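Commentary on secondary and tertiary structure
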Amino acid sequence: LAKTTQPISMDSYEGQEVNITCSHNNIATNDYITWYQQFPSQGPRFIIQGYKTKVTNEVASLFIPADRKSSTLSLPRVSLSDTAVYYCLVGDPLGAGNKLTFGGGTRVLVKP
Amino acid sequence: GAGVSQSPSNKVTEKGKDVELRCDPISGHTALYWYRQSLGQGLEFLIYFQGNSAPDKSGLPSDRFSAERTGGSVSTLTIQRTQQEDSAVYLCASSKEAANYGYTFGSGTRLTVV
């Protein structure tokens, strides 16, 4: 399974755009990139998933360069309620084990 | 149900006792996963069930841990002879067929071994 590296923490302010970059130098051909959000005392929540280029949904955008060795989760105009831990995961959902490995995540603090 | 349901939400047990944690996945989700999260840490994979296939038990930390899934739906995680290091939040997740569709997690069971 490809190892991921992401910042331990980030601070931002309400209304700003938050970009979290995840490195995954050993990503395999069949691997997808998935991001989850976790609030205190809750299980993680699926945010977005992509394979290459750009993916956008109502919550976030995911930018993946051509070499796929990194990815950037972009949260537009954050609010206080976006304070959470964000996990970057890389894995082959149809591969051996079919399980995603969670790293330490990025703790995002949105300030007023 | 609408989401993944876990029970109990909190469990305090004495060291050496056995505990059972229950997970009700989303109806129709064939894949079910158990993870463990210690305070302030990331998620640690424990076990994975997919349909009628043999479960992937590669993440179970010791033979005190076991899990079963009856009828392809409800799952029970059992920890025998609990130790203090077993204290953590145990999270269950389910997904359609495979993780490509994204997991839906329950709120977890907070286990405290005293």
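For the structure itself, consult the block above.
Let us look at the structure shown here.

What counts, and at which threshold
Residues numbered from 1 in each chain as written. Chains lettered and ligands numbered in written order. Predicted model: local features only at pLDDT ≥ 70, side-chain atom pairs only at ≥ 80, totals over all residues. Heavy atoms only, no water. Helix = DSSP H or I, 4+ residues; strand = E, 2+ residues; numbered from the N terminus. Rg over C-alpha atoms; globule rule 2.2 N^0.38 Å. Buried < 20%, exposed > 50% of the residue type's maximum accessible area, 1.4 Å probe, protein only. Contact = heavy atoms within 4.5 Å. Areas by Shrake-Rupley, 256 points an atom, 1.4 Å probe, with all protein chains shown as cover. Lys, Arg positive; Asp, Glu negative; His and termini not counted. Charge placed at Lys NZ, Arg CZ, Asp CG, Glu CD. Pairing = 2+ DSSP bridges. Salt bridge = Lys/Arg side-chain N within 4 Å of Asp/Glu carboxyl O. Axes fitted to C-alpha atoms, helices over the stretch in contact; angles between N-to-C directions. Phe/Tyr/Trp six-rings, centres within 6.5 Å; stacked < 30°, edge-to-face > 60°. Lys NZ or Arg CZ within 6 Å of the ring centre and 35° of its normal.

The next point concerns the overall build of chain B. Along its length, chain B carries zero helices and ten strands. Each helix and strand of chain B, ordered N terminal to C terminal, gives the series β-β-β-β-β-β-β-β-β-β. Rg of the C-alpha trace for chain B: 13 Å, near the compact-globule value of 13 Å for 114 residues, within the 12% margin. Across its three principal axes, chain B shows a C-alpha extent of roughly 35 × 25 × 25 Å. Here chain B, with 114 residues, has 50% of them falling under the buried criterion. For chain B, long-range pairs separated by at least 24 residues make up 55% of all intrachain contacts whose partners lie at least 6 apart in sequence. Accessible area for chain B stands at about 5,400 Å²; split by element, carbon and sulfur atoms hold 43% of it. Across chain B, the 11 positively charged side chains and the 11 negatively charged ones have centroids separated by 3 Å.

For the rest of this paragraph, the subject is the overall build of chain A. If you tally the helices and strands in chain A, you get zero helices and nine strands. Taking 112 residues into account, the globule formula puts the C-alpha radius of gyration at 13 Å, and chain A, at 14 Å, falls close to it. In terms of overall dimensions, chain A has C-alpha extents of about 45 × 30 × 25 Å along its principal axes. A buried classification covers 46% of the 112 residues belonging to chain A. Counting every atom, chain A has about 5,600 Å² of accessible surface; 52% of that belongs to carbon and sulfur.

With that out of the way, let us pick up the pairing of strand β6 (residues 61-64) of chain A. All names here are of chain A. As judged from the four bridges shared by strand β5 (residues 53-56) and β6, these two strands associate in the antiparallel manner. Counted as the bridge partner of T56 is S61 from β6. Between β5 and β6, which pair antiparallel one after the other, the connecting turn spans four residues. Between β6 and strand β7 (residues 70-75), which follow one another and run antiparallel, lie five residues, and R68 among them has a positive phi close to 60°.

For the rest of this paragraph, the subject is the pattern of salt bridges. Residue and element names in this part refer to chain B. Within this structure, the stated rule accounts for five salt bridges over all chains. The shortest N-O distance in the salt bridge between K17 and E14 comes to 3.7 Å. Overall, K17 belongs to the partly exposed group, its relative accessible area being 44%. Look at E14 and you get partly exposed, because its relative accessible area is 48%.

This paragraph deals with the sheet that holds β5(A). All names here are of chain A. What the four strands build is an open sheet, ordered β2-β7-β6-β5; its pairing is antiparallel. Across the chains shown, the open sheet's two edge strands, defined by having one partner strand only, are β2 (18-23) and β5. Averaged over all adjacent pairs, the angle separating strand axes in this sheet is 15°, with direction ignored. Note: β6 against β7, three bridges, orientation antiparallel.

Residues and elements named next belong to chain B. Pairing within the open sheet is antiparallel, and its four strands lie in the order β1-β3-β7-β6. With partners counted over all chains shown, the strands left at the sheet margins are β1 (5-7) and β6 (65-69), one partner each. Shown here is a sheet whose adjacent strand axes are inclined to one another by a mean of 15°, direction ignored. In the sheet, strand β3 (residues 19-24) pairs with strand β7 (residues 75-79) via five bridges, with the strands oriented antiparallel.

Attention now goes to the environment of V55(A). All names here are of chain A. Its location among the elements puts V55 in strand β5. Taking the C-alpha atoms as reference points, V55 and N19, 36 residues apart in sequence, are found 14 Å from one another. With residues up to four places along the chain from it excluded, the contact list for V55 reads I48, Q49, G50, A60, S61 and L62.

This part is about the packing of aromatic side chains. Under the counting rule described, the total for this entry stands at 14 aromatic pairs over all chains. Ring geometry for F102(A) versus F105(B): centroids 5.9 Å apart, planes at 80°, classification edge-to-face. Separated into two different chains, F102(A) in the loop between β8 (84-91) and β9 (106-111) and F105(B) in strand β9 (residues 104-105) make up a pair that spans both. Overall, F102(A) belongs to the buried group, its relative accessible area being 6%. Under the relative-accessibility criterion, F105(B) is labelled buried at 10%. Site record: aromatic cluster; members linked through ring pairs are Y36(A), F46(A), Y87(A), F102(A), Y33(B), Y35(B), F45(B), Y48(B), Y103(B) and F105(B). If you follow R68(A) out to its NZ or CZ, it ends over the ring of Y51(A), 3.9 Å from the centre.

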